[in-house]
Amino acid sequence: MTVSVRPMTLQEASEIIDYFHTSTPEHLEVLGVDPSRLPPSAQWQRRYEELFDQPVEQRSHFLVSWFEDNQFVGFSTADKITIGERANMHLHVKEASRRRRGIGVECVRQSAELYFQTLKLKQLFCEPNAFNVAPNRTLQKAGFKYLKTHMTVPGPLNFHQAVNRWVMDRS
């Protein structure tokens, strides 16, 4: 198994849209995602086109593709970016059959390194749903430090929920 990550291409951004729009309501709930907040596919694709038209240092989001043996298996996104300071990451293994096999840990490690290098970060945060065991375990194994559990709306697709706040610090 060869795992690799790299900045996402515009063509691959459709994988994100498909992932959310084809996920079951139960899976979305585990992620803390409110299905009523998902933008229509065409509108979401236009947003990504606008995003990719901007230089990386001016983007509101930075997207990373995950591969296993050269096959797309998942993705990470960073938002709340302050270049040279901090960002928040999100992580998703696309197919249920590939989850719980350890691929996420290596993908998260490589993604974090890419975020630190590209965005020149001092801190990288992640706030998965507190009751979603897999990403919390993955972050711990990948070297993130647990900070706290708190109530928040972690992103524009999410409902109000308990999240665990994790950090990787390079300051």
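Since we're looking at a predicted model, the values are computed, not measured.

Asker: How should I be thinking about the overall build of the chain in this particular structure?
Answerer: Looking only at helices and strands, one finds 5 helices and 7 strands in the chain. Along the chain, from the amino end to the carboxyl end, the secondary structure elements read β-α-α-α-β-β-β-α-β-α-β-β. Relative to the globule expectation of 16 Å for 171 residues, the C-alpha radius of gyration of the chain, 15 Å, shows essentially globular dimensions. Taking all 171 residues of the chain together, the buried fraction comes to 47%. Within the chain, contacts between residues at least 6 apart in sequence are counted, and of these 62% link residues at least 24 apart. Accessible area of the chain: about 8,800 Å², with a carbon and sulfur share of 50%. Where the 21 positive side-chain charges of the chain centre and where its 19 negative ones centre are 6 Å apart.

Asker: Looking at this structure, I do not really get the pattern of salt bridges. What am I missing?
Answerer: Oppositely charged side chains may form a pair once their charged atoms are brought near each other. Evaluation of the coordinates by the stated rule reveals 7 salt bridges. A salt bridge links Glu15 to Lys94, with the shortest nitrogen-to-oxygen separation between them at 2.2 Å. With a gap of 79 residues between them, Glu15 in helix H1 (residues 13–22) and Lys94 in the loop between strand E4 (86–93) and helix H4 (103–119) connect regions that are remote in the sequence. Given the relative accessible area of 25%, Lys94 is considered partly exposed. A salt bridge links Glu113 to Arg170; its shortest N-O distance comes to 2.9 Å. Remark: Arg170 occurs in the segment after strand E7 (161–169) and Glu113 occurs in helix H4; sequence separation between them is 57 residues. Exposure remark for Arg170: the relative accessible area of 41% places this residue in the partly exposed category.

Asker: How should the pairing of E4 be read in this particular structure?
Answerer: Look at any regular strand and the pattern is simple: side chains alternate between the two faces of the sheet. Most of E4 sits inside the fold, with 6 of its 8 residues counted as buried. Where strand E3 (residues 71–82) and E4 come together, 7 bridges link them in antiparallel fashion. Paired with Gly74 across the bridge in E4 is Val93. Between E3 and E4, which pair antiparallel and follow one another directly, the connecting turn spans 3 residues, one of which, Gly84, has a positive phi of 80 degrees. Pairing of E4 with strand E5 (residues 123–126), which is carried by 4 bridges, proceeds in the parallel orientation. Its bridge partner being in E5, Ala87 is matched across the sheet by Leu124.

Asker: When you look at the packing of aromatic side chains in this model, what are you seeing that I'm missing?
Answerer: The relative placement of two aromatic rings is captured by the distance of their centres and the angle of their planes. Taken as a whole and judged by the stated rule, the model has 8 aromatic pairs. Both rings, one in Phe67 and one in Phe72, keep their centres 5.9 Å apart while their planes meet at 90 degrees; by these two values the pair is edge-to-face. There is no split in this pair, since Phe67 and Phe72 are both buried. Among the aromatic residues, ring-to-ring pairing joins Tyr19, Phe20, Trp44, Tyr48 and Phe75 into one connected group. Positioned over the ring face of Phe125 is Arg165, at 4.3 Å from the centre of the ring. Over the ring of Phe116 we find Arg170; its NZ or CZ atom is 4.2 Å from the centre of that ring.

Asker: Sorry if this is basic, but what is going on with the side chain of Thr77 here?
Answerer: Tracing the backbone shows Thr77 in strand E3. Among all residues touching Thr77, those that are not within four sequence positions of it are Ile16, Phe62, Leu63, Asn88, Met89, His90 and Tyr115.

Scoring rules and cut-offs
Residues numbered from 1 in each chain as written. Predicted model: local features only at pLDDT ≥ 70, side-chain atom pairs only at ≥ 80, totals over all residues. Heavy atoms only, no water. Helix = DSSP H or I, 4+ residues; strand = E, 2+ residues; numbered from the N terminus. Rg over C-alpha atoms; globule rule 2.2 N^0.38 Å. Buried < 20%, exposed > 50% of the residue type's maximum accessible area, 1.4 Å probe, protein only. Contact = heavy atoms within 4.5 Å. Areas by Shrake-Rupley, 256 points an atom, 1.4 Å probe, with all protein chains shown as cover. Lys, Arg positive; Asp, Glu negative; His and termini not counted. Charge placed at Lys NZ, Arg CZ, Asp CG, Glu CD. Salt bridge = Lys/Arg side-chain N within 4 Å of Asp/Glu carboxyl O. Pairing = 2+ DSSP bridges. Phe/Tyr/Trp six-rings, centres within 6.5 Å; stacked < 30°, edge-to-face > 60°. Lys NZ or Arg CZ within 6 Å of the ring centre and 35° of its normal.

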